[in-house]
Each structure stands twice: as C-alpha cells, then as structure tokens.
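Residue strings, one per chain:
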Amino acid sequence: MKNIIIGLMLAGTLLQAAPYTQADRVKDMTTLAEAMGTIQSGFFYNNYETVEVGIEQLTTTIANVRPTAEENAKKDVMEKYMDKKFQMTNKIVKKINRKALTILERFRNGDATQAAQAYTKIMGQCMKCHREIRNW
Ligand code: HEC
C-alpha cells in the first residue's frame, strides 16, 4: 500500500515537472482556435453534440495556458510585473469557462442568440489576452 502511494506521488511529481514550452503553448492555442471553430459549426448545423465537443476541448485546453518554464525562470527580476499578468490570466480563464457554460445552457434551451453572444464574449477574452500579454 505504502509503495503504491509513493509510486503515485512520484508519478504526480513527474507529470508536474514536465516543462511547459512555447511550442506546447502554440499547440494549445491552435487547439483553442479549433475548438472555437467546432463550436461555431455546432451553431450553424444546429447540433448540440458538436457544440459540446468544442466546449469540452476549449475548457480542457484553456486550463493549460500559462507562462512557459522559460518565462517562469525570469520571475525574480520582474516578479511584480508578472504577477499582474498572472492575475489577469486567471481572470480571463475563469471568464472563458463561465461563458462556455453559458453557451451550453443557452444553446440546449434553444436560445441561440444568447449562446452566440457568449461566444462573442469568449472571442473578446482571447483577443484581450493577445493584446495585453505578449510575453509573461
Ligand atoms: C492567457 C493568455 C491567452 C489567452 C486567454 C488566449 N491566448 Fe492565444 N496566445 C497567447 C500567446 C501568449 C500567444 C503567442 C504564442 C506563444 O508565445 O505561446 C497566443 C497565440 C495564439 C494563436 C497563434 C498561434 C500560432 O500558431 O502562433 C492562436 C491561433 C491563438 N492564440 C488562439 C487563441 C484562442 C482561440 C483563444 C481563446 C479561446 C486564445 N488564443 C486565448 C495567449 C493567450
């Protein structure tokens, strides 16, 4: 039993230790763009399952988005500066998740207009981050 627990703890540490690179983040961004496209075609084809697939992809991927290991290494020098961006990132991610839920609820209830509005708000959050965060 003890060995299993230690094994699990080690596995957890190893997973966390995998550095998040810029290439990983660019890949996540591509996935986010894909997810937005999937949600949109769910709207157009009036297909709830497609919207759901896109939302799932969006919310699981946005959870990864963070400064890269390299950017984190610079933390000491610009800690204060970066903290503001961290806070902003957390806020944006929360907002995107909240609006993603709204899309599911509204679309399921046949309120396509409100669903599309939530979609537009998510797009606004993507762009807000791109405007304000070039490097962490
Ligand atoms: C927390 C900040 C943040 C959020 C939120 C964010 N992005 Fe990005 N995005 C970035 C950064 C930073 C880059 C530049 C690539 C890099 O340096 O990792 C980028 C680049 C991109 C790119 C270009 C990737 C490439 O091939 O160069 C796409 C596409 C993209 N984002 C889509 C999205 C979409 C769609 C959303 C919203 C669902 C989104 N992003 C939300 C920070 C963010």
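Keep in mind that what you see is a predicted model, and the values were worked out from it rather than measured. (Residues numbered from 1 in each chain as written. Predicted model: local features only at pLDDT ≥ 70, side-chain atom pairs only at ≥ 80, totals over all residues.)

In the vicinity of the ligand there are 17 residues, among which Arg25, Met29, Leu32, Cys126 and Cys129 approach most closely. Mapped onto the shell around the ligand, the elements with two or more residues apiece are helix H2 (22–44), helix H5 (79–108) and helix H6 (112–132). Considering each element in turn, the shell around the ligand owes the most residues, 8 residues, to H2. Its residues placed into classes, the shell around the ligand shows 11 nonpolar, 5 polar and 1 charged. (Near = placed C-beta within 6 Å. Helix = DSSP H or I, 4+ residues; strand = E, 2+ residues; numbered from the N terminus. Nonpolar A, V, L, I, M, F, W, Y, C, P; charged D, E, K, R; others polar.)

Quick look at the packing of H2 against helix H3 (residues 48–62) now. Close contact between H2 and H3 brings their axes to 7 Å; oriented N to C, the two are set at 160°. As summarised for this structure, H2 and H3 are arranged roughly antiparallel, according to the angle between their axes. The two elements H2 and H3 cross, and the hand of that crossing is left-handed. From H2, Asp28, Thr31, Leu32, Glu34, Ala35, Met36, Thr38, Ile39, Ser41, Gly42 and Phe43 reach across to H3, where they touch Thr50, Val51, Val53, Gly54, Ile55, Gln57, Leu58, Thr61 and Ile62. Considered class by class, the residues forming the contact of H2 with H3 number 10 nonpolar, 8 polar and 2 charged. (Axes fitted to C-alpha atoms, helices over the stretch in contact; angles between N-to-C directions. Parallel < 35°, antiparallel > 145°, perpendicular 65-115°, else oblique. Left-handed = near helix turned anticlockwise from the far one by under 90°. Contact = placed C-beta atoms within 7 Å.)

Bringing H2 into the picture now. For an α-helix the count is 3.6 residues per turn, leaving residues at separations of three or four pointing the same way. When the terminal C-alpha atoms of H2 are compared, their 33 Å separation across 23 residues agrees well with the 33 Å that a helix rising 1.5 Å per residue should span. Among all positions of H2, only Ala35, Ile39 and Gly42 are buried. Looking at the residues trailing H2, positive phi occurs at Asn46, about 50°. (Expected span 1.5 Å × (residues − 1). Buried ≥ 20, exposed ≤ 12 C-beta atoms within 10 Å, placed from the backbone.)

The first and last C-alpha atoms of H6 sit 30 Å apart over 21 residues, in line with the 30 Å expected at 1.5 Å per residue. Within H6, the full set of buried residues consists of Ala115, Ala118, Tyr119 and Ile122. Summarising the axial view, the buried residues of H6 lie within an arc of 105°, below the 170-degree limit, and thus occupy one face. Across from the buried face of H6, at angles greater than 90 degrees, the exposed residues are Thr113, Thr120, Met127, Arg131 and Glu132. (Arc of directions from axis to C-beta.)

When pLDDT is averaged along the protein chain, the result is 86; 80% of the residues meet or exceed 70. Confidence, expressed as mean pLDDT per element, reaches its minimum in the protein chain at helix H1 (residues 2–17) with 54 and its maximum at H3 with 98. (pLDDT = per-residue confidence, 0-100.)

To continue, consider the nonpolar core. The biggest cluster of nonpolar side chains holds 15 residues, and the ones touching the most others in it are Ile39, Ile55, Ala100, Ile103 and Tyr119. If you list the elements that add at least two residues to this core, you get H2, H3, H5 and H6. The leading source of residues in this core is H5, at 5 residues. Those residues within four positions of Tyr119 in sequence are excluded, and the remaining contacts are Ile39 and Ile103. (Core = buried A, V, L, I, M, F, W, Y, C linked by C-beta atoms within 7 Å.)

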